[in-house]
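# Per-entry structural report
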Amino acid sequence: MYINGEWVNAKSGKTREIVNPYNQEVIAMAAEGNEQDARAAIQAARIAFDEGNWRTMPASARGELVYQIGQLIRRDLQELAELETWDTGKTVQESRDDMADIANVFLYFAGLADKDGGEVIQSPIPDSESKVVREPVGVCGQITPWNYPLLQAAWKIAPALAAGNTIVMKPSEITPLTTVKVFKLIEEAGIPKGVANLVLGAGASAGAELSVNRDVDLISFTGGIETGKTIMQAASHNVKKIALELGGKNPNIVFADADFETAVDQALNAVFFHAGQVCSAGARLLVEEGIHNEFVETLIERTKRIKLGNGFDENSQSGPLISAEHRTKVEQYVEIGKKEGATLAVGGQRPDDPELQNGFFYLPTIFTNCTNDMRIVQEEVFGPVLTVETFQTKEEAVKLANDTIYGLAGAVWTQDLDKAEFVAARLRLGTVWINDFHPYFAQAPWGGYKQSGIGRELGHEGMEEYTEVKHIYRNKQPEPLHWFK
Ligand SMILES: NC(=O)c1ccc[n+]([C@@H]2O[C@H](COP(=O)([O-])OP(=O)(O)OC[C@H]3O[C@@H](n4cnc5c(N)ncnc54)[C@H](O)[C@@H]3O)[C@@H](O)[C@H]2O)c1
Ligand SMILES: C[N+](C)(C)CC=O
């Protein structure tokens, strides 16, 4: 762990085995921090914020340091990508793409650091002057999940630092490797001690301390909806600011006039990329009735050809699930789907390939004949499981798509742009893709409607999350009021 500019073990001396999900081999030992370690990190961040010069230094100088972190990530891109693949099982090409995105996120927020110089507003009071400025919030607790370990961390670290905050980051206890490495780069970049702190350990101890501790001013969390609710409650102790990036059950709407080959190809990618362990996975396919049979038949044929394997094998198209526990959860959902009466069209079991027996693999799975009242349609499986429903009109497509507690992302496929705009305007989602699925980039905000979250990451909105707004009013000719004579 990296606390107050020092690399330290857990105060308890405990460690945790980090396991490669491809073959269950132990690839590293990580410090296993708890509440005590989190408190030490919070104290360091508090002192650095209150007494250090990070928040008061010229914003351009802060931006330069954040820029330097991005450059160091580019320098060490291959090493970081390999670490991410060891830790998550995702293909190394995915990891390389993630690392390139991550470097861009640092460069983007570095560039924003000195762009908001505040705003002079027209005061209605004579002989006065009014301006509105943005200031850093203070000490920020940041908690991230295992599916995109460094990417989700970057979305929090870069804007928080660029805006002048101090941070305590806690990555998922099962995938800490790339975050540890980036804190080495943060040290190398010359970020002052106490400004960026890293605490490792379980959510219920180290993570819970960040959300409950009164010295933390803001908690930013990416993860599951139930954990999000717990954090929201804990944050109420000192009315912390909260930012929540939670799950999704994302609709992928295909109209009959869509380009067939592209829509099939991208429907596969939408749901099975990274074994479906993507918050914005297109796990609910809504197909216009007229093309349903042909679309689903083609999808099933293509699904059977997906090559599972070692993320380091360039022929692998998808890696394993993250853990035995998570695979059991996926298997339970498949059983639920069968009991609910959905038709299991392909997959629905572990692969029988002998080479994959030590990993947490699960075959890409498709359920047809689904209806919106099924749990398999409503709940986030977070694995390679697709449900298929049909619709007849654009109004029905919108109604089905919106009929969920989630509101993260989704797509519409059609060559009729009026129809696409009609649907996009009515989907209650933080991101709508037209004739595409999955793009996200530093310049555009990311976040969810409804129970998919609160607040936004990325874009200038992602920077604003880490600021307080202050109105400064100056009376240029102060004089007595004589109200109280
Ligand atoms: N909206 C997004 O952008 C986005 C991105 C990635 C993942 N996710 C979501 O993340 C989930 C999968 O990730 P996960 O299984 O790691 O989620 P999770 O909620 O189990 O854990 C996420 C993080 O929270 C910590 N945590 C657990 N209990 C805690 C507690 N009581 N207090 C504080 N911290 C606690 C964990 O240690 C981990 O670091 C999915 O639901 C997925 O949709 C959302
Ligand atoms: C936000 N995203 C899509 C990068 C990862 C979600 O799990």
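The structure displayed is predicted, hence computed values, not measured ones.

## Brief notes about the sheet that holds strand S5 (residues 119-121)
With antiparallel pairing, 3 strands are arranged side by side in an open sheet as S5-S6-S20. Only two strands of the sheet have a single neighbouring strand rather than two, namely S5 and strand S20 (467-475). Between one strand axis and the next, the sheet turns by 25 degrees as a mean value, whatever way the strands run. Relative to S20, strand S6 (residues 128-136) runs antiparallel, the two being bridged by 9 bridges. Across the sheet, the residue bridging to Ser-128 is Asn-475, located in S20.

## Brief notes about a negative patch on the surface
Together, Asp-259, Glu-261, Glu-294 and Glu-297 make up a region of like negative charge exposed at the surface. Structurally, Asp-259 can be placed in the loop between strand S12 (251-254) and helix H9 (260-272). What makes Asp-259 partly exposed here is its relative accessible area of 39%.

## Things to note about the packing of aromatic side chains
In total, this model carries 13 aromatic pairs according to the counting rule given. Here the aromatic cluster, defined as three or more aromatic residues joined through ring pairs, consists of Trp-155, Trp-433, Phe-437, Tyr-440 and Trp-446. The ring of Tyr-148 carries the charged tip of Lys-90 above its face, separated from the ring centre by 3.7 Å. Sitting over the face of the ring of Phe-422, Lys-394 holds its NZ or CZ atom 4.7 Å from the ring centroid.

## Structural notes on the UniProt feature "domain: Aldehyde dehydrogenase" (unreviewed entry) in the chain
Listed under "domain: Aldehyde dehydrogenase" (unreviewed entry) in the UniProt record, and renumbered for this structure, are residues 7-472. Structurally, residues 7-472 comprises 40% helix and 19% strand, and the distance from its first C-alpha atom to its last is 41 Å.

## Points about helix H13 (residues 394-402)
Taken together, the buried positions of H13 are occupied by Ala-397, Val-398, Leu-400, Ala-401 and Asn-402. Against S12, strand S13 (284-288), strand S16 (385-391) and helix H14 (417-426) lie the buried residues of H13.

So, how was this worked out
Residues numbered from 1 in each chain as written. Chains lettered and ligands numbered in written order. Predicted model: local features only at pLDDT ≥ 70, side-chain atom pairs only at ≥ 80, totals over all residues. Heavy atoms only, no water. Pairing = 2+ DSSP bridges. Helix = DSSP H or I, 4+ residues; strand = E, 2+ residues; numbered from the N terminus. Axes fitted to C-alpha atoms, helices over the stretch in contact; angles between N-to-C directions. Patch = residues over 30% accessible without salt bridge, like charges linked within 9 Å, V, L, I, M, F, W, Y side chains within 5 Å. Areas by Shrake-Rupley, 256 points an atom, 1.4 Å probe, with all protein chains shown as cover. Salt bridge = Lys/Arg side-chain N within 4 Å of Asp/Glu carboxyl O. Lys, Arg positive; Asp, Glu negative; His and termini not counted. Charge placed at Lys NZ, Arg CZ, Asp CG, Glu CD. Buried < 20%, exposed > 50% of the residue type's maximum accessible area, 1.4 Å probe, protein only. Phe/Tyr/Trp six-rings, centres within 6.5 Å; stacked < 30°, edge-to-face > 60°. Lys NZ or Arg CZ within 6 Å of the ring centre and 35° of its normal. UniProt positions renumbered as here; feature names shortened; annotations may be inferred. Contact = heavy atoms within 4.5 Å.

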